[in-house]
Amino acid sequence: MKEEFLIETEIDGKAFGTHTVFHDFVLLKAWKRPVTWAVIMAVFSVICFSLKGRDGSIIFGSLLAAMSVLFPAAYFFAYFYTVKKQVKKIDSDENKIRYETKVNNEGFSSGFGKFKWEDLHKVYFHKGFIYVYVEPRQAFLLPASDKELCDFIKSKIKVSEK
C-alpha cells in the first residue's frame, strides 16, 4: 500500500452543489426550522378551523394554512436558487476551484494548511468525493476515485459514509 498520495482536485459546479446540500441539510439539518414552522402554523390553522363558529376563524385559519406552506417554500426556493447560481458561476472555466492535496501518514497538507490526522474534525465519503472537515464548518473535497487512497484514509481515521 502506498504511503503518500498527491491528489489534484478540480471542483465543478455539480460537486460543489452536492457538497453544499450535504453540508447544510444533512450535517447542519437546515431543513428543521422551515419544517417546524410549517407544522406549527398548520396546527394553529387546524385549531382555527375547529372554531368555525367564531368570527374570522375561517379567514385566520386560511391565512395560517397559507403561511405554513408559503414561508417554507420561499425558504427552499431561495436556498436552491442561490446554490444554482453558485453552481453556474463555478462551471465557467475561469472560476473552477482547483487545488493539490498531499495525504500521508502525518495527515493532509494543501493550500489550506497542514492538518494532522488527530486534528481533523470528521471525514465523510459521499457521492464520489471525500469531504475532509478540518473544522465543523470548513471542509475540502477530494475525489474518491482512487480505491487505494480511500482505504488509506479509512485506515487512519474513522470515516462516516452518508
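Everything below is about the structure printed above this text.
These numbers come from a predicted model, not from an experiment.

### Overview of helix H4 (residues 147-156)
- Turning to H4, its buried residues number three or more, namely Leu 149, Cys 150, Phe 152 and Ile 153. Down the axis of H4, the buried set is contained in an arc of 160 degrees. They therefore lie on one face. For H4, the exposed residues lying more than 90 degrees away from the buried face are Lys 147 and Ser 155.
- Backbone nitrogen of Glu 148 and a side-chain oxygen of the N-cap are separated by 3.0 Å at the start of H4; the cap is Asp 146.

### Thoughts on the nonpolar core
- Ranked by internal contacts, the top residues of the largest apolar core, which has 29 residues, are Val 103, Phe 108, Leu 120, Val 123, Ile 130, Leu 142 and Ile 153.
- Elements supplying a minimum of two residues to this core: strand E1 (4-11), helix H1 (13-27), strand E2 (97-104), strand E5 (122-126), strand E6 (129-135), strand E7 (138-143) and H4.
- Per-element tally for this core: the top contributor is E6, with six residues.
- Contact partners of Leu 120, with chain neighbours within four places excluded, come to Phe 108, Phe 115, Val 132, Tyr 133, Val 134 and Ile 157.

### Section: the sheet that holds strand E3 (residues 107-110)
- Pairing is antiparallel across the open sheet formed by four strands, whose spatial order is E1-E2-E3-E4. Only two strands of the sheet have a single partner each, and these edge strands are E1 and strand E4 (113-116). Averaged over all pairs of adjacent strands, the angle between their axes in this sheet comes to 20 degrees, without regard to strand direction.

### Here's the deal with the pattern of salt bridges
- By the definition in use, this model includes two salt bridges.
- For Glu 10, the salt bridge goes to Arg 98, with nearest N and O atoms at 2.8 Å. In this pair, Glu 10 sits in strand E1 while Arg 98 sits in strand E2, placing the two residues 88 residues apart along the sequence.
- Measuring nitrogen to oxygen at the nearest pair gives 3.2 Å for the salt bridge that ties Lys 147 to Asp 151. Remark: Asp 151 and Lys 147 occur in helix H4; sequence separation between them is four residues, near one turn of the helix.
- Residue classification places Asp 151 among the partly exposed residues on the basis of a relative accessible area of 30%.

### A few points about the packing of H1 against helix H3 (residues 57-91)
- It is at 8 Å that the axes of H1 and H3 come closest, and there the two elements cross at 150 degrees. Between H1 and H3, the angle is such that the two are roughly antiparallel. As H1 packs across H3, the resulting crossing turns out to be right-handed. Two secondary-structure elements touch here, H1 through Gly 13, Lys 14, Phe 16, Gly 17, Thr 20, Val 21, Asp 24 and Phe 25 and H3 through Phe 76, Tyr 79, Phe 80, Val 83, Gln 86, Val 87, Ile 90 and Asp 91.

What counts and what doesn't
Residues numbered from 1 in each chain as written. Predicted model: local features only at pLDDT ≥ 70, side-chain atom pairs only at ≥ 80, totals over all residues. Heavy atoms only, no water. Buried < 20%, exposed > 50% of the residue type's maximum accessible area, 1.4 Å probe, protein only. Helix = DSSP H or I, 4+ residues; strand = E, 2+ residues; numbered from the N terminus. Arc of directions from axis to C-beta. Polar contact = N/O pair within 3.5 Å; in protein donor to acceptor, adjacent residues only side chain to side chain. Core = buried A, V, L, I, M, F, W, Y, C linked by side-chain atoms within 4.5 Å. Contact = heavy atoms within 4.5 Å. Pairing = 2+ DSSP bridges. Axes fitted to C-alpha atoms, helices over the stretch in contact; angles between N-to-C directions. Salt bridge = Lys/Arg side-chain N within 4 Å of Asp/Glu carboxyl O. Parallel < 35°, antiparallel > 145°, perpendicular 65-115°, else oblique. Left-handed = near helix turned anticlockwise from the far one by under 90°.

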